[in-house]
Amino acid sequence: MRHRKEEEPMSGNLTAMIDVVFQLIIFFVVTTNMQQQVDARIKLALAPHGKSINDQAKDPREIKIDVDKDGNIYISKALLPPSLLTSIIKKTVAEYGIDVPIVIRADGESKHSAVQTAMNAITASGIYKIKFAVLKEKGK
Amino acid sequence: MARRSKRTHLVAGELNLTAMIDVAFQLLSFFLMTMKPVDVLALMDVSRPAPDSKAPSKPLNVLTITILPDEKNPFALNDTKISKENLDMMLMKAGELNPDQNVIVACTPKSLHSHLVDALDLCSKAKLTKLSVVSLM
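Let me sum up the structure you'll find in this document. (Residues numbered from 1 in each chain as written. Chains lettered and ligands numbered in written order. Predicted model: local features only at pLDDT ≥ 70, side-chain atom pairs only at ≥ 80, totals over all residues. Heavy atoms only, no water.)

Observations concerning the pattern of salt bridges
All names here are of chain B. To keep it simple, the criterion reads: Note on definitions: salt bridges are taken to be side-chain nitrogens of Lys or Arg within 4 Å of carboxyl oxygens of Asp or Glu. Numbered from the N terminus, helices here are DSSP runs of H or I no shorter than four residues, and strands are runs of E no shorter than two. Only protein chains enter the accessibility calculation, which uses a 1.4 Å probe; a residue whose area is less than 20% of its type maximum is buried, one above 50% is exposed, and one in between is partly exposed.
Throughout the structure, instances matching the rule amount to nine salt bridges over all chains. Of the charged contacts in the structure, one is a salt bridge between Lys81 and Asp70, with a shortest N-O distance of 3.0 Å. Residue Lys81 is found in strand E4 (residues 80-81), and its partner Asp70 is found in the loop between strand E2 (62-67) and strand E3 (75-77); the two are separated by eleven residues along the sequence. With relative accessibility at 49%, the residue Lys81 sits in the partly exposed group. Classification of Asp70 as partly exposed rests on a relative accessible area of 30%. Among the salt bridges present, the one from Asp118 reaches Lys84, with a minimum N-O distance of 3.9 Å.

So this is what it looks like as structure tokens:
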């Protein structure tokens with residue numbers, strides 16, 4: 001008597017694996033920061049003892065001035081000549097007041113002359129408090 | 001004619017998950033490959049001294065750190081060249097004696113911004129908070 005063994009398709013319970021995969025995907029979707037905080041062209045200098053940006057209240061009026069290593073000055077990625085920078089800051093001060101927070105994000109390799117140009121534009125608007133953005137801890 | 005009864009065989013519901021698992025793994029691979037740890041940023045508060053016609057002619061009791069264009073030894077404290085380690089030590093002492101000590105950081109046009117940040121960081125480490133940045137001609 002010949003026994004004919006029927007071939008059955010292999011099957012396994014995939015529920016647990018799918019659960020784990022979806023958990024991982026959700027984790028990455030939630031934790032991925034699509035928007036770069038700092039322009040990739042600017043490499044901030046390292047200062048481990050600086051006051052962490054997360055500990056400070058965010059002011060929506062804040063102006064961020066970027067200075068790249070070639071000495072070019074940008075606001076919101078728009079290249080600006082010093083005269084235009086001064087007039088932008090003056091206009092902002094006229095609109096929002098003298099206590100507008102201003103952050104200079106300068107490349108560590110930039111010369112002080114470029115940073116000085118940005119600082120002069122700020123002081124010309126009557127603001128004497130400036131913040132420098134630095135890298136407290138590099139992502140490993 | 002005898003009527004044949006039709007029996008329906010119920011089969012457990014099956015769903016082909018292959019495509020979904022493929023997409024899920026594609027997404028997982030994408031996120032694993034593109035994930036980059038976020039840098040922690042910090043802010044350093046400084047003042048830019050306002051031009052004051054009523055400024056006292058006598059120099060105030062301030063520490064002056066000069067940032068020189070020298071790549072290897074860029075620091076000078078009260079016009080004396082100093083290594084980074086010694087500057088750190090001096091600032092720590094100054095911070096212990098008087099945390100309200102005024103510190104002026106003077107930069108030359110050719111000095112590197114990273115050296116200015118180094119000096120500000122050492123001041124921050126020494127709990128010195130009254131920092132001013134001036135630019136030399």
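The structure having been displayed, the exposition proceeds.
Considering the pairing of strand E2 (residues 63-67) of chain A
Residues and elements named next belong to chain A. What counts here: DSSP calls a pair of strands paired once it identifies at least 2 bridges connecting them.
Burial runs high along E2: four of the five residues are buried. When E2 meets strand E5 (residues 102-106), the two strands line up parallel, connected through five bridges. Bridge pairing in E5 places Ile65 opposite Ile104. Relative to strand E3 (residues 73-75), E2 runs antiparallel, the two being bridged by two bridges. Across the sheet, Val67 pairs through a bridge with Ile73, a residue of E3. Counting the residues that bridge the hairpin from E2 to E3 gives five residues, and of these Gly71 lies at a positive phi of roughly 90°.

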